[in-house]
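What follows is the residue order along each chain.
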Amino acid sequence: MTAPAFSTCDLCDAHKSDTSGAFRVLPPVFHGYGGVAKFSGPVSTVKCFEDNSLVKQALDEPGIVETPHGRVGRVLVVDGGASLRRSLVGGNIAAAAAKNGWAGVLVNGCVRDATELAACQVGIRALALMPLPTDKRGEGQRDAPVQLQGVWVRAGDWLYADADGVVVMARPQA
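Now for a look at the structure at hand. (Residues numbered from 1 in each chain as written. Predicted model: local features only at pLDDT ≥ 70, side-chain atom pairs only at ≥ 80, totals over all residues. Heavy atoms only, no water.)

## Section: the packing of aromatic side chains
Counted under the stated rule, the structure contains 2 aromatic pairs. Here the aromatic rings of Trp158 and Tyr160 are separated by 6.5 Å at their centres, their planes lie at 25°, and the arrangement is stacked. One aromatic cluster in this structure is built from Phe6, Trp158 and Tyr160. Of note, Lys38 hangs over the ring of Phe6, and the distance from its end group to the ring centre comes to 4.9 Å. (Phe/Tyr/Trp six-rings, centres within 6.5 Å; stacked < 30°, edge-to-face > 60°. Lys NZ or Arg CZ within 6 Å of the ring centre and 35° of its normal.)

So this is what it looks like as structure tokens:
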């Protein structure tokens, strides 16, 4: 798979008048931690709070899917309730994501193992670093609509992330 050809600025220019809700821009609160700075793909979601059991389960699965645009890596969007108390993704989980072909992970919460994350060939965005791991209770939801920083993201949406920001679209860019 080759690097995605898009610019979030260009996408915003093209969709700035879109009032349908099909084009959404996430607030500029997500920081890059992975070894890939620019990524995109169809979204899968996990909703959890200070328990990364379902995050690990999702990223242990194959991330590559067939689309009308060819084989692409998915993006896991994790709604961790914006908690800054526990980390939802660390080095081992990020390595599994890269090995399984995921394009990226966006966490509305924290990550840890900054050096290990930077070495993984997967895009990772999160609110902050937190060295404390989660408890494992097996709680949460998969592929349910999630609201991150006031913006709705649904399984099947397409997420685009680059140095300028993160946008979500109901359909892939043309």
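Moving on, there is more to tell.
## Concerning the pairing of strand β14 (residues 165-169)
In terms of residue burial, β14 counts as a mostly covered element, since 4 of its 5 residues are buried. The pairing of strand β1 (residues 23-25) with β14 spans 3 bridges and is antiparallel. Bridge pairing in β14 places Phe23 opposite Met169. Judged from the 5 bridges that link them, strand β13 (residues 158-162) and β14 form a sheet pairing that is antiparallel. Each residue of the ladder has a partner; that of Ala161, found in β14, is Val166. Hairpin remark: β13 followed by β14, antiparallel, with 2 residues in the connecting loop. (Buried < 20%, exposed > 50% of the residue type's maximum accessible area, 1.4 Å probe, protein only. Helix = DSSP H or I, 4+ residues; strand = E, 2+ residues; numbered from the N terminus. Pairing = 2+ DSSP bridges.)

## Topic: the pattern of salt bridges
In this structure the tally under the stated criterion is 9 salt bridges. Across the salt bridge formed by Asp157 and Arg24, the nearest N and O atoms sit 2.9 Å from each other. Of this pair, Asp157 sits in the loop between β12 (151-153) and β13 while Arg24 is found in strand β1, placing the two residues 133 residues apart along the sequence. Here Glu61 ties to Arg142 by a salt bridge, and the two come within 2.9 Å at their closest N and O atoms. One end of the pair, Glu61, is in the loop between α2 (53-59) and β4 (64-67); the other, Arg142, is in strand β10 (residues 141-142), and 81 residues separate them in sequence. Since its relative accessible area comes to 29%, Arg142 is described here as partly exposed. Look at the salt bridges and you will find they share partners, linking Arg86, Asp135, Arg137 and Glu139 into a network. (Salt bridge = Lys/Arg side-chain N within 4 Å of Asp/Glu carboxyl O.)

## Brief notes about the pairing of strand β5 (residues 70-73)
For β4 and β5, the ladder comprises 4 bridges, and the chain directions are antiparallel. Residue pairing in the sheet places Thr67 in a bridge with Gly70 of β5. Counting the residues that bridge the hairpin from β4 to β5 gives 2 residues.

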